[in-house]
Amino acid sequence: MARSGIKPGDSAFAARLSRELEGEVLFDAASRGRYSTDASIYQIEPIGVVVPRHERDVIGAIALAAEAGVALLPRGAGTSQGGQTVGEALVIDCSKYLHGVLAFDADARTVTVQPGMVLDRLNLYLAPHGLFFPVDVSPANRATIGGMTGNNSCGARSIRYGNMVHNVRAIDAVLSNGETRRFDEKPGDDTLSAEMLALALREGDEIRRRFPDLLRRVGGYNIDRIERNMAHLLVGSEGTLGFFTAITLDLQSIPRHRVMGVCHFPSFRRAMELTPAIVALSPSAVELIDPTLLALAREQAQFRAAVDRFVVGEPGALLIVEFAGDDEAEQKAGLADLVACMADSGLAGAVVESTEAAFQTAVWEVRKAGLNILMSMKGDGKPISFIEDCAVPLDDLADYTERLDGIFAKHGVAGTWYAHASVGTLHVRPVLNMKDGGDVAKMRAIAEEAFAMVREYKGSHSGEHGDGLVRSEFHEVMFGERLVRAFEAVKDAFDPAGLFNPGKIVRPERMDDRSLFRYPGSRKRQ
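Residues numbered from 1 in each chain as written. Predicted model: local features only at pLDDT ≥ 70, side-chain atom pairs only at ≥ 80, totals over all residues. Heavy atoms only, no water.

1. Comments concerning the overall build of the protein chain
No. 1: When you go through the protein chain residue by residue, the secondary structure sums to 20 helices and 18 strands.
No. 2: What you see for the protein chain is a C-alpha radius of gyration of 23 Å, in line with the 24 Å of a compact globule of 526 residues.
No. 3: Each of the three principal axes of the protein chain carries a C-alpha extent, and together these read 70 × 60 × 50 Å.
No. 4: Counting only residues that meet the buried cut, the protein chain has 60% of its 526 residues in that class.
No. 5: Once local pairs closer than 6 in sequence are excluded, the contacts in the protein chain between residues at least 24 apart make up 74%.
No. 6: Of the roughly 19,800 Å² of accessible surface on the protein chain, 49% is carried by carbon and sulfur atoms.
No. 7: Counting 59 positive and 71 negative side-chain charges, the protein chain places the averaged centre of each group 4 Å from the other. (Helix = DSSP H or I, 4+ residues; strand = E, 2+ residues; numbered from the N terminus. Rg over C-alpha atoms; globule rule 2.2 N^0.38 Å. Buried < 20%, exposed > 50% of the residue type's maximum accessible area, 1.4 Å probe, protein only. Contact = heavy atoms within 4.5 Å. Areas by Shrake-Rupley, 256 points an atom, 1.4 Å probe, with all protein chains shown as cover. Lys, Arg positive; Asp, Glu negative; His and termini not counted. Charge placed at Lys NZ, Arg CZ, Asp CG, Glu CD.)

Pasting the structure below:
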């Protein structure tokens, strides 16, 4: 959209919003500063923030933003690592007031919630009914369902339950023209639905040729799922197509029994080599922890005792393997099979076994705190997110990780590794100083070389954390020009004025544009 003359903190625009909305209007410098960052390397000052009290405020804010020519940015908890939730836009934050349960059917195992509902709160509501929502992201105590839906979040147990796109049944949304509508498995008879169905049919061969055949592909728009459910097109759209006001989710029964094996390996490569055999045992999760994360965790009092309990010696890598289900004997048999698998591979006695819930919780707390633990690394160099959720087929995981370590060595940097070995998505972060222009240049070079290698393995460059500012630029390299034009056609059909979160997924900025960075030494945009 053409940029309006309205600048961050514009008092006249703030006054109009305050007159016409009942929610909070936050245009002061401190509020704009708080909403200028997320969990990424980027920092962009917003125009201001609206905290709506009800859906009428959302519709009103969209109308006023459209009239003023101001971009609009839906935001959840701001846990995005790709810069999805920052931009020179009017930010709408639903987490304070729009966080209710709108409908619940225990028998059908469905729930409809407002976008500001936090995952942990939802699961507390569901637990007395023996149900839970299974997309278990690490920041579950703050991540909102709206943000998770916009991001197509995944979680540690996606090998069992899939991603958000596999667990969302319907989405109610407000479009940029003010229209409110429901997207679900029923094909609409309107022009927009017809356009999308025609696009899916037209691009079917190219989609099959260029989309990686992996669970963990969240890059671009889900044009491969339009014919199944139009709501799935909006999942992972990062707030670029419409504003979600209600999300209907499929639920799962809480497993009655969980057991865990913490597998110790002499080297990182050995852990990657054995991952396919371990996944073949049908666990509910297989999560990696590397020595760097373990060493940093031991430095923190809150994690030291847990690490000392589940780590034996100085392993080259750990795989946390969980089996979960209603039959206790079946889960214990899975754990026994894991121990046998390790022994058959020359690693007898290398599994710390647990059937105790408290022990397992302590292990999971260390794993879930992985990013925070890594960011405690002292000095200006930090583990930086930009290639952290590439996904490759499991059979290629050992070679891929070894070659990626070679790229890091070539550029004189170290890397940290953890997370979802089960689905070939490892959160790998090179340690770089984003205040240093030389390291910024290394970041770009590493990204280009890493994505070229991912493409060679027919992998996914965006496997969990979305596109945002950091990966959208690489869609053409990964998907090809024709599918990028198809993504643009989707954006233009839903949002012809470019109102919603511009510059994400389509028509992006360069990922290494230092004017978008958080760190000192970068130029701020004029």
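Let us keep going from here.
2. What to know about unusual backbone geometry
No. 1: Of note in the backbone geometry, asparagine 152 takes a positive phi value of approximately 55° without being a glycine.
No. 2: Note on placement: asparagine 152 falls in the loop between α5 (145-151) and α6 (158-161).
No. 3: Even without glycine at this site, arginine 507 takes up a positive phi of about 50°.
No. 4: Here arginine 507 shows up in the segment after α20 (481-494).
No. 5: A relative accessible area of 45% means that arginine 507 is categorised as partly exposed.

3. So, the environment of alanine 77
No. 1: Within the secondary structure, alanine 77 sits in the loop between β3 (72-75) and β4 (90-93).
No. 2: Judged by its relative accessible area of 35%, alanine 77 is partly exposed.
No. 3: When the C-alpha atoms of alanine 77 and arginine 217 are compared, they prove to be 22 Å apart, with 140 residues separating the residues in sequence.
No. 4: Residue contacts for alanine 77: discarding those within four places in its chain leaves Arg142, Ala143 and Thr144.

4. Here we look at the packing of aromatic side chains
No. 1: Taken as a whole and judged by the stated rule, the model has 13 aromatic pairs.
No. 2: Ring centres of phenylalanine 268 and tryptophan 417 lie 5.0 Å apart, and the angle between their planes is 50°; this geometry places the pair in the tilted category. In this pair, phenylalanine 268 is assigned in helix α10 (residues 268-279) and tryptophan 417 in strand β17 (residues 415-420), connecting sequence segments 149 residues apart.
No. 3: Taken together through their ring pairs, the aromatic side chains of Phe211, Tyr221, Phe479 and Phe487 make up a single cluster.
No. 4: Between the NZ or CZ atom of arginine 157 and the centre of the ring of tryptophan 364, over which it lies, the distance is 4.8 Å. (Phe/Tyr/Trp six-rings, centres within 6.5 Å; stacked < 30°, edge-to-face > 60°. Lys NZ or Arg CZ within 6 Å of the ring centre and 35° of its normal.)

5. Focus: the sheet that holds strand β8 (residues 168-174)
Sheet strands line up and pair through hydrogen bonds in the backbone, either parallel or antiparallel.
No. 1: Strand order in the open sheet made by the five strands is β5-β6-β10-β8-β9, with antiparallel pairing throughout. In this open sheet, the two strands that pair with only one neighbour each are β5 (101-105) and β9 (180-183). Strand-to-strand twist across the sheet, computed as the mean angle between neighbouring axes with direction ignored, equals 10°.
No. 2: Here strand β6 (residues 110-113) pairs with strand β10 (residues 243-250) via four bridges, running antiparallel. Note on β10: the bridge partner recorded for valine 111 is leucine 249.
No. 3: Along the sheet face, helix α4 (residues 119-126) touches β5, β6 and β10 and points at about 40° away from the line of β5. (Pairing = 2+ DSSP bridges. Axes fitted to C-alpha atoms, helices over the stretch in contact; angles between N-to-C directions.)

6. Focus on the pairing of β17
No. 1: For β17, a buried count of six out of six residues is recorded, marking the element as mostly surrounded by other parts of the structure.
No. 2: Alignment of strand β13 (residues 285-289) against β17, held across two bridges, turns out to be antiparallel. Residue pairing for β17: leucine 288 is matched across the bridge by alanine 419.
No. 3: In this structure, β17 lies alongside strand β18 (residues 425-432), joined through six bridges in antiparallel fashion. When the bridges of β18 are listed, tryptophan 417 appears paired with valine 428.
No. 4: Here β17 folds back onto β18 in antiparallel fashion, the turn holding four residues, of which glycine 424 has a positive phi close to 70°.

7. Some remarks on the pattern of salt bridges
No. 1: Enumeration over the complete set of coordinates arrives at 41 salt bridges.
No. 2: Notably, a salt bridge pairs aspartate 205 with arginine 208, separated by 2.7 Å at the nearest N-O pair. Separated by three residues within a single helix, aspartate 205 and arginine 208 lie in helix α8 (residues 204-210), roughly one turn from each other. Accessibility assignment for this pair places aspartate 205 and arginine 208 in one class, exposed.
No. 3: Here arginine 269 makes a salt bridge to aspartate 399, at a shortest N to O gap of 2.9 Å. (Salt bridge = Lys/Arg side-chain N within 4 Å of Asp/Glu carboxyl O.)

8. Here we look at the sheet that holds strand β1 (residues 24-26)
No. 1: Spatial ordering of the open sheet is given by β1-β2-β4-β3, a layout of four strands whose pairing is mixed. Whereas interior strands pair on both sides, the edge strands pair on one side only; in this sheet they are β1 and β3. Along the sheet, successive strands turn relative to each other by an average axial angle of 20°, direction set aside.
No. 2: Note: strand β2 (residues 48-51) against β4, three bridges, orientation parallel. Bridge pairing in β4 places glycine 48 opposite leucine 90.
No. 3: Along the sheet, helix α1 (residues 11-20) makes contact with β1, β2 and β4, crossing β1 at roughly 170°.

9. Here's the deal with helix α11 (residues 291-298)
No. 1: Of the residues making up α11, those classed as buried are Leu293, Leu294, Leu296 and Ala297. Relative to the axis of α11, the buried residues are bounded by an arc of 165° and lie together on one face. (Arc of directions from axis to C-beta.)

10. Side note on the side chain of serine 472
No. 1: Position of serine 472 among the secondary structure elements: in the loop between α18 (468-471) and α19 (475-479).
No. 2: In this structure serine 472 comes out as buried when scored by relative accessible area, which is 3%.
No. 3: Polar contacts involving the side chain of serine 472 include one to the main-chain amide nitrogen of isoleucine 505, which spans 2.8 Å.
No. 4: Excluding residues within four positions of it along the chain, serine 472 makes contact with Asp467, Lys504, Ile505 and Pro508. (Polar contact = N/O pair within 3.5 Å; in protein donor to acceptor, adjacent residues only side chain to side chain.)

11. As for the packing of α10 against helix α13 (residues 328-344)
No. 1: Contact geometry of α10 with α13 gives a least axis separation of 11 Å together with a crossing angle of 145°. Crossing angle aside, the handedness with which α10 passes α13 is right-handed. Residues Leu274, Ala277 and Ile278 of α10 touch α13, and the partners they reach there are Leu338, Cys341 and Met342.
No. 2: Across the contact of α10 with α13, the residue classes tally to six nonpolar, no polar and no charged. (Left-handed = near helix turned anticlockwise from the far one by under 90°. Nonpolar A, V, L, I, M, F, W, Y, C, P; charged D, E, K, R; others polar.)

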